[in-house]
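Inside the fold
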Amino acid sequence: MATRIDGKTLAAKVKAQVAEEAAKLPRQPGLAVVLVGEDPASQVYVRGKEADCGGCAIRSFPYRLPAETTQRELLDLIEKLNRDPAVDGILVQLPLPEPLEEAAVIAAIAPEKDVDCFHPFNVGELMIGEKGFYPCTPASVMRLLAEYGVELSGKSCVIVGRSNIVGKPLAMLMLRENATVTICHTKTEYLKKECSRADILISAAGQAGLITGDMVKEGAVVVDVAVNRRADGTLCGDVVFEEAAGRASYITPVPGGVGPLTRAMLMKNTLYAAVIHGK
């Protein structure tokens with residue numbers, strides 16, 4: 001049976017490290033979190049991020065805007081936050097209500113305050129291997145694998161999912177560690193064949209039950225990034241956990257795997273932004 005990768009414990013460790021380092025800075029780091037509208041899931045995420053700030057010696061600047069907020073009003077707020085010396089990081093919770101344009105909003109955030117690493121400049125930096133912000137979810141995957149001593153160099157890594165938030169940036173981070181990367185998705189014709197040869201199998205497709213036990217190579221490391229909600233309200237990932245755990249060497253649970261660490265990596269990015277801001 002596979003070893004369960006414990007994201008909660010590692011998240012607590014990372015947040016404690018952030019709090020320790022933040023306390024050494026001449027000024028308390030600040031994170032502005034902007035929520036437009038009243039999407040219930042987004043409200044939960046934002047509350048969690050604000051609570052994390054409190055535990056990491058990071059000042060939280062919450063902004064709650066009505067769903068009727070115009071593009072101009074939102075961009076004006078971002079410009080104000082870009083100029084605010086107390087704000088080191090800016091996070092605009094996605095998705096935005098229509099007709100707001102996400103691409104324009106992301107592009108308006110100053111790259112040095114883009115703690116989500118969504119800005120085209122930071123995405124380009126990631127692509128060419130420069131040091132800077134790493135997207136929170138891909139960064140959490142890399143930290144989990146490092147914590148458990150998973151060797152990446154020369155290994156076959158199959159990523160199921162091609163999003164700009166997880167799949168694509170995670171592939172870039174894996175390439176930095178000399179893994180051989182294959183990106184698949186729900187339209188991949190021979191998905192089982194591709195997955196079954198992976199030393200490291202990562203699923204971020206958002207489709208419950210997509211990865212079954214017979215798609216997992218014996219001894220593979222399985223990382224389930226997705227969070228799906230079943231009809232009964234419980235959460236699950238893409239991977240059929242018990243089946244995969246019977247073949248894998250290491251596996252992340254959902255919940256309790258990648259998710260908790262993703263929030264911790266946001267705090268780490270905010271700390272990094274504050275350090276850069278102070279130079």
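Residues numbered from 1 in each chain as written. Predicted model: local features only at pLDDT ≥ 70, side-chain atom pairs only at ≥ 80, totals over all residues. Heavy atoms only, no water.

Glancing now at the packing of helix H6 (residues 136-147) against helix H7 (residues 167-176). Where H6 contacts H7, the two axes come as close as 9 Å, and the packing angle between them is 35 degrees. You can see that H6 and H7 cross each other, and the crossing is right-handed. Facing H6, whose interface residues are Pro138, Ala139, Val141, Met142 and Leu145, H7 presents Pro169, Leu170, Leu173 and Met174. Here the residues of the contact of H6 with H7 sort into 9 nonpolar, no polar and no charged. (Axes fitted to C-alpha atoms, helices over the stretch in contact; angles between N-to-C directions. Helix = DSSP H or I, 4+ residues; strand = E, 2+ residues; numbered from the N terminus. Left-handed = near helix turned anticlockwise from the far one by under 90°. Contact = heavy atoms within 4.5 Å. Nonpolar A, V, L, I, M, F, W, Y, C, P; charged D, E, K, R; others polar.)

Let's shift gears to the environment of proline 85. The residue proline 85 is located in the loop between helix H3 (71-83) and strand E4 (89-92) in this model. Given the relative accessible area of 56%, proline 85 is considered exposed. Separated by 33 residues in the primary sequence, proline 85 and aspartate 52 have C-alpha atoms spaced 21 Å apart. The contacts of proline 85, once residues within four sequence positions are left out, are Arg27 and His277. (Buried < 20%, exposed > 50% of the residue type's maximum accessible area, 1.4 Å probe, protein only.)

With that settled, consider H7. Of all the 10 residues making up H7, 7 are buried; the element is thus mostly covered by neighbouring parts of the structure. When H7 is considered as a whole, its buried residues turn out to be Gly167, Pro169, Leu170, Ala171, Met172, Leu173 and Met174. Where the residues of H7 are buried, they touch helix H5 (120-127), H6, strand E5 (156-160), strand E6 (180-184) and strand E7 (200-203).

Here the focus is unusual backbone geometry. Here the residue pair glutamate 98 and proline 99 is connected by a cis peptide bond, since its omega of 5 degrees sits within 30 degrees of zero. Locating proline 99 in the fold gives a position in the loop between E4 and helix H4 (102-108). In this model, valine 254 is joined to proline 255 through a cis peptide bond whose omega is 0 degrees. Tracing the sequence through the fold places proline 255 in the loop between strand E11 (250-251) and helix H10 (258-278). One non-glycine residue, cysteine 117, lies in the positive phi region at around 60 degrees. You can see cysteine 117 is positioned in the loop between H4 and H5.

This part takes up the sheet that holds E4. Ordered in space as E3-E2-E4, the 3 strands form an open sheet in which the pairing is parallel. Either end of the sheet is taken by a strand with one partner, and the two such strands are strand E3 (59-65) and E4. Looking at each pair of strands side by side, their axes are set apart by 15 degrees on average, direction ignored. As judged from the 7 bridges shared by strand E2 (residues 30-36) and E3, these two strands associate in the parallel manner. Across the sheet, residue leucine 35 finds its bridge partner in E3, namely arginine 64. (Pairing = 2+ DSSP bridges.)

Here we come to the packing of aromatic side chains. Applying the stated rule across the entire model yields 2 aromatic pairs. Note on phenylalanine 133 and tyrosine 272: the rings are 5.4 Å apart at their centroids and 85 degrees apart in plane angle, and the pair reads as edge-to-face. Here tyrosine 272 lies in helix H10 and phenylalanine 133 lies in the loop between H5 and H6, a separation of 139 residues in the sequence. Between tyrosine 148 and tyrosine 250 the ring centres are 5.9 Å apart and the planes differ by 70 degrees, which places this aromatic pair in the edge-to-face class. Note that tyrosine 148 is positioned in the loop between H6 and E5 and tyrosine 250 in strand E11, a separation of 102 residues in sequence. Given a relative accessible area of 25%, tyrosine 250 falls into the partly exposed group. (Phe/Tyr/Trp six-rings, centres within 6.5 Å; stacked < 30°, edge-to-face > 60°.)

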